[in-house]
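Fold and contact review
Letter by letter, the chains look like this.
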Amino acid sequence: MDKNFQTPSIYLFSILIFVHFILLAALFKLFLILIQLSFFLLLLLPSSFLSLEAKSQIKTSMAGYRAEDDYDYLFKVVLIGDSGVGKSNLLSRFTKNEFNLESKSTIGVEFATRTLNVDSKVIKAQIWDTAGQERYRAITSAYYRGAVGALLVYDVTRHATFENVDRWLKELRNHTDANIVVMLVGNKSDLRHLVAVSTEDGKSYAEKESLYFMETSALESTNVENAFADVLTQIYHIVSKKAVQAENGTASAPAKGEKIDIKNDVSAMKRVGCCSS
Ligand SMILES: Nc1nc2c(ncn2[C@@H]2O[C@H](COP(=O)(O)OP(=O)(O)OP(=O)(O)O)[C@@H](O)[C@H]2O)c(=O)[nH]1
Ligand SMILES: [Mg+2]
């Protein structure tokens, strides 16, 4: 065959293959763009077309994360108890899975949040922590305002912190609604050889005062999750009971974004619609 004729046909063939690949790549890119576009369109649909659950599922499947404002209920929970009982470490263990053996006394007020699921609802817990020491205490009424749950912490190795539980409970009851969910927490259960307050004493005090009770260790991460989750679950049950009463017409239904009272006792923020802060 003529050599001059063969060379251009090889060139032509290579150019055709090259163009073919470019076209394939462009088509693939277009396909990707279309998929991304459809996800965004789904997210932009108004809340009336899409339930909160559906939206959160889309968000989670897209990026594997949940947006900050994506929750059904927001509950404020306060931590109280003497200085050094481990309030800040319980908080950091629950919200960040962190523990600090040399943590400093809290000054003023700090808070952290964590979102968890209770009965297929997304609950955002906003947990407030303040100083046990009187001189560092922030304005009490502001600290307790709107709280629907409390963890009253004592140190199982220091009896004085257990004796002061009475005083903390009085202050809590003076500043919050009567049916606030309260859990008495005996922390530092890992220091077994130093225990100064027996489990029975803690339990019977809690029974006498109608409190929930748990012994925890922020250090060993024992019962920390359970303590917070139990308080939040109890609060949620009170709120959902109120919602059922509202459906049956025995109580008025909460309006969108309204702060609701449970039998005028426990208040909680219920987020009805979707996603706006
Ligand atoms: N062994 C043990 N030590 C703990 C535990 N929880 C906290 N601690 C230690 O106890 C000390 C005080 O802990 P904090 O969490 O700062 O106590 P607090 O109640 O926040 O104290 P204030 O901020 O002063 O009110 C720190 O040295 C912690 O490391 C625990 O579960 N076990
Ligand atoms: Mg602290």
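As the structure is a prediction and not an experimental result, all values here were calculated from the model.

**Examining the layout of surface pockets**
Counted as a void, the largest pocket has a volume near 360 Å³. Elements with a contribution of two residues or more to the lining of the largest pocket: α3 (87-96) and β3 (121-130). Here the element with the most residues in the lining of the largest pocket is α3; it accounts for three residues. Residues that form the lining of the largest pocket fall into these classes: seven nonpolar, 13 polar and five charged.

**Looking at the pairing of strand β5 (residues 181-187)**
Counting buried positions along β5 gives seven out of seven residues, so the element sits mostly inside the fold. Where burial is concerned, the two faces of β5 agree: the one with Val181, Met183, Val185 and Asn187 and the one with Val182, Leu184 and Gly186 are both buried. Relative to β5, strand β4 (residues 149-155) is paired through seven bridges, and the arrangement is parallel. Within β5, the position partnered with Ala150 by the bridge is Val182. Summarising the sheet, β5 and strand β6 (residues 212-215) pair through four bridges and their orientation is parallel. Counterpart to Gly186 in the pairing with β6 is Glu215.

**Overview of the coordination of the magnesium ion (ligand 2)**
Distances from the magnesium ion (ligand 2) to its protein donors, Ser88 (OG) and Thr106 (OG1), fall at 2.0 Å. With a gap of 18 residues between them, Ser88 in helix α3 and Thr106 in the loop between α3 and β2 (109-118) connect regions that are remote in the sequence.

**Some details on the packing of aromatic side chains**
Under the counting rule described, the total for this entry stands at eight aromatic pairs. Seen in terms of ring centroids, Trp128 and Tyr143 are 6.2 Å apart; in terms of plane orientation they differ by 70°. Their pairing is edge-to-face. One end of the pair, Trp128, is in strand β3; the other, Tyr143, is in helix α4 (residues 140-144), and 15 residues separate them in sequence. Pair check on accessibility: Trp128 and Tyr143 agree, each one buried.

**So, the site of ligand 1**
Contacts to ligand 1 come from 24 residues, most closely from Ser83, Lys87, Leu101, Ser105 and Gly132. In the model, an oxygen atom of ligand 1 is placed 2.7 Å from a nitrogen or oxygen of the Ser83 side chain. One nitrogen or oxygen atom from the main chain of Gly84 is found 2.9 Å from an oxygen atom belonging to ligand 1. Put simply, ligand 1 lies in the largest pocket. A total of three residues in the shell around ligand 1 trace back to one element, the largest contributor, which is α3. Tallied by class, the residues present in the shell around ligand 1 amount to seven nonpolar, 13 polar and four charged.

**Here's the deal with the confidence of the model for the chain**
Mean pLDDT over the chain: 81, with 75% of residues reaching 70 or higher. pLDDT under 50 marks residues 45-65. Its contacts with residues more than four places away, or in other chains, come to 30 contacts. Long-range and interchain partners of residues 252-277, a stretch whose pLDDT sits below 50, account for 65 contacts in this model, where long-range means more than four residues apart.

**Comments concerning unusual backbone geometry**
Even without being a glycine, Lys188 presents a positive backbone phi close to 75°. Tracing the sequence through the fold places Lys188 in the loop between β5 and α7 (199-208). Lys188 sits in the partly exposed class, given a relative accessible area of 23%. Its identity as a non-glycine residue notwithstanding, Ser210 has a phi of 55°, on the positive side. Following the sequence through the fold, Ser210 ends up in the loop between α7 and β6.

**Describing the UniProt feature "transmembrane region" (unreviewed entry) in the chain**
Taken from the UniProt record, the annotation "transmembrane region" (unreviewed entry) applies to residues 9-27. Helix makes up 100% of residues 9-27 and strand 0%, whereas the separation of the span's terminal C-alpha atoms amounts to 27 Å.

**Side note on the packing of α3 against helix α8 (residues 224-247)**
Interhelical geometry of α3 versus α8 gives an angle of 85° and a closest axis separation of 9 Å. The angle between α3 and α8 places the two elements in the roughly perpendicular class. Counting all contacts with α3, which are made through Leu90, Arg93 and Phe94, the residues of α8 involved are Val224, Glu225, Phe228 and Leu232. A per-class count over the contact of α3 with α8 returns five nonpolar, no polar and two charged.

Criteria and cut-off values
- Residues numbered from 1 in each chain as written.
- Chains lettered and ligands numbered in written order.
- Predicted model: local features only at pLDDT ≥ 70, side-chain atom pairs only at ≥ 80, totals over all residues.
- Heavy atoms only, no water.
- 1 Å grid on protein atoms, 1.4 Å probe; cavity = no way out; pocket = protein on both sides within 12 Å on 5 of 7 lines; lining within 4 Å.
- Points joined across faces, edges and corners; volume = space filled by probe spheres on them.
- Helix = DSSP H or I, 4+ residues; strand = E, 2+ residues; numbered from the N terminus.
- Nonpolar A, V, L, I, M, F, W, Y, C, P; charged D, E, K, R; others polar.
- Buried < 20%, exposed > 50% of the residue type's maximum accessible area, 1.4 Å probe, protein only.
- Pairing = 2+ DSSP bridges.
- Donors = N, O, S within 2.8 Å, 3.2 Å for Na, K, Ca; no water.
- Phe/Tyr/Trp six-rings, centres within 6.5 Å; stacked < 30°, edge-to-face > 60°.
- Near = heavy atom within 4 Å.
- Polar contact = N/O pair within 3.5 Å; in protein donor to acceptor, adjacent residues only side chain to side chain.
- Sits in = over half its atoms within 2 Å of the grid points.
- pLDDT = per-residue confidence, 0-100.
- Contact = heavy atoms within 4.5 Å.
- UniProt positions renumbered as here; feature names shortened; annotations may be inferred.
- Axes fitted to C-alpha atoms, helices over the stretch in contact; angles between N-to-C directions.
- Parallel < 35°, antiparallel > 145°, perpendicular 65-115°, else oblique.

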